[in-house]
Structure formats: structure tokens, C-alpha cells
Amino acid sequence: MEPFLKASDVIDWRQPSVRSKAMELAKDASTPLEVAQRSFEWVRDNIQHSSDYKRNPVTCAASEVLAAGTGYCYAKSHLLAALLRANGIPAGFCYQRLSIGDHGAPYSLHGFNAIHLADFGWYRVDSRGNKPGVNAQFCPPEERLAFRLNSSEERNFPEILPDPLPIVIRALRAHTRWDELYRNLPDWDRPTLL
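Quick caveat: nothing in here was measured; it's all calculated off a predicted structure. Sequence positions are assigned chain by chain, starting from 1 and proceeding in written order. At least 70 in pLDDT is required for a residue's local features to be given in this predicted model, at least 80 for side-chain atom pairs to be given and counted, and no such filter applies to totals for whole chains, interfaces and linings, which use all residues. Hydrogens and water are ignored here; the side-chain numbers use all heavy atoms of the structure.

## Focus: the side chain of D12
Labels follow the DSSP assignment, with helices taken as runs of H or I lasting at least four residues and strands as runs of E lasting at least two, numbered in each case from the N terminus. The topology assignment puts D12 in the segment before α1 (16-26). From its side chain, D12 meets the backbone nitrogen of A62 in a polar contact 3.4 Å long. Leave out the neighbours within four places in its chain, and D12 touches V18, A61, A62 and S63. Each polar contact in these results corresponds to two N or O atoms within 3.5 Å; when the atoms are within protein, one needs to be able to donate a hydrogen and the other to accept it, and residues that are neighboring in sequence are counted only if both atoms are side-chain atoms. For this analysis, residues touch if any pair of their heavy atoms sits within 4.5 Å.

Written out as C-alpha cells, the structure reads:
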């Protein structure tokens, strides 16, 4: 489990503001499950999705997401992983390939998390933020992700990765405005991420 607990320049959970928020979310919690749910719901409900809210800047590292209060799905997953890891809860990264407009090409990756919960094993959660037609929830063992697959070109990648995909990090670091990134969302069409 050690790779799913480590800090990095993107999952910078040792940064004071991230660590402080993680401790705040864990205060008076009776179980790691409760900490995981609080962390998920806080990121889902309090960090605005960049394209939904047309918010700049494009963020990447967990501390950037926390400071700006905004991030694409990928960046929100980085913050959630950092908050969980700061509390000793293993967290990884998962991806789907989805149609951007729900009508075929173009496609892009969608990022979310997997959390290792003692009573359930790996459990996937999607903190991208709810809106009409999107209702992601924390209700283990049932997974309630933001999006379902609608075509043969879309896919759920089964891997749970300890680090975000390099293609995602490059895309986040290459753009400063939400609309620039929206026009250049990363895609991956292989049947496996590894």
C-alpha cells in the first residue's frame, strides 16, 4: 500500500495548507470510513469544477487546487488523494475515456479516485462535482460515479494507479485558462493504461 500513501510534487499532502485541511476533515471522526466520506464530499461540493464554473487558473497540484478553490476532475482527484493520504488512507487514480459531448468524437480522459477501505477493499469515487445529470455519491460498496459509458469507444480503465497519468499532468501544466484546456483535454484510446 505504500505507493498509495506517498507524497509527491502533485500529491503534496505534506504542504501545510493541505495537511491542515486534512486534519480539519478528520477532526472527531470515529473511523477512516467517516474521514474518507467527509473528504470526498468536501472536495466534491467545495472545489468548483473549472469548466462548469468557467474558472481560472488551471490547477494541478493538490495545494494549488485547495488555494484556488477550482480544478478540473483530474486536479480535484489530486486534492482528494492528498487529503486522504495525509490521514493515512490509501488513495489511487482511475480514469474513464468519455465522449466530450456525449455524441461520439472527440473523446477525453475523465479522472477520479479509488480509496482503499478496510471493510470494502478498493472503492471508486468521483469528486468532479454534481450538477443536473451528474450525481456522484459515497455509498460503499455501491459505486456511484459521475458518468456511465454510452458507446463502444468509451471505456472504464480497470487500473488503480498510485500516480496520476503523465499525459494528464502535461495537459494541466501546459494551460493556464480553463477554456484552453477544455479545447485540449487529454485522450487515451488504448484498452489499457499500462
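Moving on from the coordinates now.
## Things to note about the nonpolar core
With 53 residues, the main nonpolar core has W42, Y74, L79, L83, Y95, I115 and F138 as its most contacted residues. At ten residues, helix α5 (residues 73-86) tops the list of elements feeding residues into this core. Excluding residues that lie within four positions of it along the chain, I115 makes contacts with A36, L84, I89, P90, G121, W122, Y123, V125 and F138. Buried Ala, Val, Leu, Ile, Met, Phe, Trp, Tyr and Cys residues that are joined via side-chain atoms within 4.5 Å together make up what is termed a nonpolar core. For every residue, the accessible area obtained with a 1.4 Å probe (protein chains only) is divided by the maximum for its type, and the residue is called buried under 20%, exposed over 50%, and partly exposed between those limits.

## Looking at the layout of surface pockets
To locate leftover empty space, one rolls a probe as large as a water molecule over the atoms. In the cavity and pocket records, a cavity denotes points on a 1 Å grid over the protein atoms alone where a 1.4 Å probe fits but cannot get out, a pocket denotes an open set with protein on both sides within 12 Å along at least 5 of 7 lines, and lining residues are residues with an atom within 4 Å of a point. Grid points are joined across faces, edges and corners, and a volume is the space filled by probe spheres set on the points. If you add up the space inside the largest pocket, you get close to 550 Å³. Considering the residues around the largest pocket, the lining is formed by 25 residues, among which S99, I100, R128, K131 and F147 are closest to the centre. At the level of elements, α3 (50-53), α5, β3 (91-99), β4 (107-117) and α7 (178-182) are the ones that each hand at least two residues to the lining of the largest pocket. A total of three residues in the lining of the largest pocket trace back to one element, the largest contributor, which is β4. Note on residue classes: Ala, Val, Leu, Ile, Met, Phe, Trp, Tyr, Cys and Pro are nonpolar, Asp, Glu, Lys and Arg are charged, and everything else, Gly too, is polar. Of the residues in the lining of the largest pocket, the class split is twelve nonpolar, seven polar and six charged.

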